[in-house]
Amino acid sequence: MTGMTVPDNILQPFQLENHAAQGRLVRLGDAMHCVLTAHDYPAEVARLLGEVQVIASLMSGTLKFDGVLSIQLKGEGPVSMVLVDVTTDGDMRGYARFDSKKLEAISQHEANGPQQDVPRLLGNGYFALTVDQGPDTQPYQGVVSLEGATLAECAHSYLRQSAQLEAALKVVVSQVDDEDDEKGSTWRGGGIMVQKSAFSGFQSIDGEASDADFEDAWRRAVIFLGSSTNDELLDPSLHPHDFLFRLFSEDGVRAFDPSPFAMKCRCSADRVQNVLVSFPREEIESMKIGEDVVVTCEFCNVDYRFDADHINTIFKESASG
Ligand SMILES: [Zn+2]
């Protein structure tokens, strides 16, 4: 396999040859590392945010849309909010809000690991998925309460309850050591999902498709998915095709064209200005650092700086417009 580039930061759609299930494989390298290191997150908060990135990526390939898909988690625990959005073109961004004191309090007496992330880090709350397809369309939103130990379980119950899909998924996020460069360790994420197809398309090996064969084929797909390992999902040198062909070798699998993901924020000075003029003028004064008003994008951590003259001008324009 030497010399062959292994695609990274991609959504890889696939379908089982028997048409019992279709699915998606996601692998995120830079697109995840850039989001998780834009802020100084404690490792377990970063991992949680990364898991939402993987889930948003899987969902973006599952629900057909043209615009922006976002997933928001709200909780009463140490992590109060996680927000990730991804566009049809694969531009992705996200951030998390957390309370360091609450986080420290739970970290002292509980083990690390994603097994109890939801009750431990988020507590009571909800998982909301929104699809915004532009100004002249009605945004779609589905919400489920945060029930389950892991985010993958929450995503699974979302798919069952809100999207009415029979599906299975696996999500993993971890810091991985780079072998050949000096970056040290980087964040990587991987995920895989299968969803049950319609019986009408099912092709049995002997040609006579029965309901029982179909259910068996679906169950096998779920079992194969479950047999994938975290290492395989995170391995940047394992080609997605090799991974899928090995995982579903018994039933055969077809891989379609992958689509790319990249960390890309949609903030701009214009957008920040539009937000500023929606505030009362006195409040703007309180946002000053020295002579300037400084607004930091929560997603990418970029500072937008406006001097007093600029602020006067935009408020005059908005008053006259
Ligand atoms: Zn930004």
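What counts and how
Residues numbered from 1 in each chain as written. Predicted model: local features only at pLDDT ≥ 70, side-chain atom pairs only at ≥ 80, totals over all residues. Heavy atoms only, no water. Core = buried A, V, L, I, M, F, W, Y, C linked by side-chain atoms within 4.5 Å. Buried < 20%, exposed > 50% of the residue type's maximum accessible area, 1.4 Å probe, protein only. Helix = DSSP H or I, 4+ residues; strand = E, 2+ residues; numbered from the N terminus. Domains from an automatic or database assignment. Contact = heavy atoms within 4.5 Å. Axes fitted to C-alpha atoms, helices over the stretch in contact; angles between N-to-C directions. Parallel < 35°, antiparallel > 145°, perpendicular 65-115°, else oblique. Left-handed = near helix turned anticlockwise from the far one by under 90°. Nonpolar A, V, L, I, M, F, W, Y, C, P; charged D, E, K, R; others polar. Pairing = 2+ DSSP bridges. Salt bridge = Lys/Arg side-chain N within 4 Å of Asp/Glu carboxyl O. Donors = N, O, S within 2.8 Å, 3.2 Å for Na, K, Ca; no water. Expected span 1.5 Å × (residues − 1). Buried area = accessible area lost by both parts, 1.4 Å probe. Polar contact = N/O pair within 3.5 Å; in protein donor to acceptor, adjacent residues only side chain to side chain.

What follows is about the nonpolar core. In terms of nonpolar packing, the biggest core is built from 60 residues, with Met 59, Leu 69, Ile 71, Leu 73 and Phe 127 touching the most fellow members. Ranked by residue count, the leading element in this core is helix H2 (residues 43-62), at 10 residues. Taken domain by domain, the makeup of this core includes at least three residues from each of domain 1 (10-263) and domain 2 (269-320). Every residue in contact with Leu 69, bar those within four places of it in the chain, is listed here: Ala 56, Met 59, Ser 60, Leu 63, Val 84, Asp 85, Val 86, Leu 129, Thr 130 and Val 131. One finds Leu 16, Phe 224, Leu 233 and Val 253 within the second-largest nonpolar core, a separate group that totals 20 residues.

With that settled, the discussion passes to the packing of H2 against helix H5 (residues 151-161). The geometry of H2 relative to H5 is characterised by a closest axis approach of 10 Å and an angle of 30° between their N-to-C directions. By the angle between their directions, the pair H2 and H5 is classed as roughly parallel. Along this stretch, H2 crosses H5, giving a crossing that reads as right-handed. For the pair H2 and H5, the contacting residues are Leu 48, Glu 51, Val 52, Ile 55 and Met 59 in the first and Leu 151, Ala 152, Ala 155, Tyr 158 and Leu 159 in the second. Across the contact of H2 with H5, the residue classes tally to 9 nonpolar, no polar and 1 charged.

On to the sheet that holds strand S6 (residues 125-132). An order of S7-S6-S3-S4-S5-S12 is seen for the 6 strands of this open sheet, with the pairing classed as mixed. Edge positions in the sheet fall to strand S7 (140-145) and strand S12 (262-263), since each has one partner strand and no second. Direction of pairing for strand S5 (residues 91-98) relative to S12: parallel, over a ladder of 2 bridges. Bridged to Met 92 within S12 is Met 263. Along the sheet, H5 contacts strand S3 (68-75), S6 and S7; its crossing angle with S7, the most-contacted strand, is approximately 125°.

As enumerated under the stated definition, the model contains 16 salt bridges in all. Between Lys 264 and Asp 91 there is a salt bridge, with the nearest N and O atoms lying 3.9 Å from each other. Here the residue Lys 264 occupies a position in the loop between S12 and helix H9 (269-276), and Asp 91 occupies one in strand S5, the gap between them amounting to 173 residues. For Lys 264, a relative accessible area of 48% gives the class partly exposed. On the basis of relative accessibility, which here comes to 17%, the residue Asp 91 falls in the buried class.

Attention now moves to the coordination of the zinc ion. Of the protein atoms, only Cys 265 (SG), Cys 267 (SG), Cys 297 (SG) and Cys 300 (SG) coordinate the zinc ion, at distances of 2.2 to 2.3 Å. Within one chain, the residues serving as donors to the zinc ion are arranged as C-x1-C-x29-C-x2-C. Of this pair, Cys 267 sits in the loop between S12 and H9 while Cys 300 sits in the loop between strand S14 (292-296) and strand S15 (303-306), and the two are 33 residues apart along the sequence. For Cys 267, a relative accessible area of 23% translates into the label partly exposed.

Let's shift gears to H2. An ideal rise of 1.5 Å per residue puts 28 Å on 20 residues; H2 measures up with 29 Å between its terminal C-alpha atoms. Of all 20 residues making up H2, 19 are buried, and the element is well covered by its neighbours.

Here we come to the domain arrangement of the protein. In terms of domain boundaries, the protein breaks down into domain 1 (10-263) and domain 2 (269-320). Taken over C-alpha atoms, the centre of domain 1 sits 36 Å from the centre of domain 2. Every contact between the two is made by 9 residues of domain 1 and, on the other side, 5 residues of domain 2. Counting the surface domain 1 buries against domain 2, the share from its top three residues, His 39, Arg 93 and Tyr 95, is 56%. Summed over the shared surface of domain 1 and domain 2, the number is 1 salt bridge. The partner of Glu 298 in a salt bridge is Arg 97, and the shortest N-O contact between them spans 2.8 Å. Run the count over domain 1 and domain 2 and you get 4 residue pairs in polar contact (both at pLDDT 80 or more).

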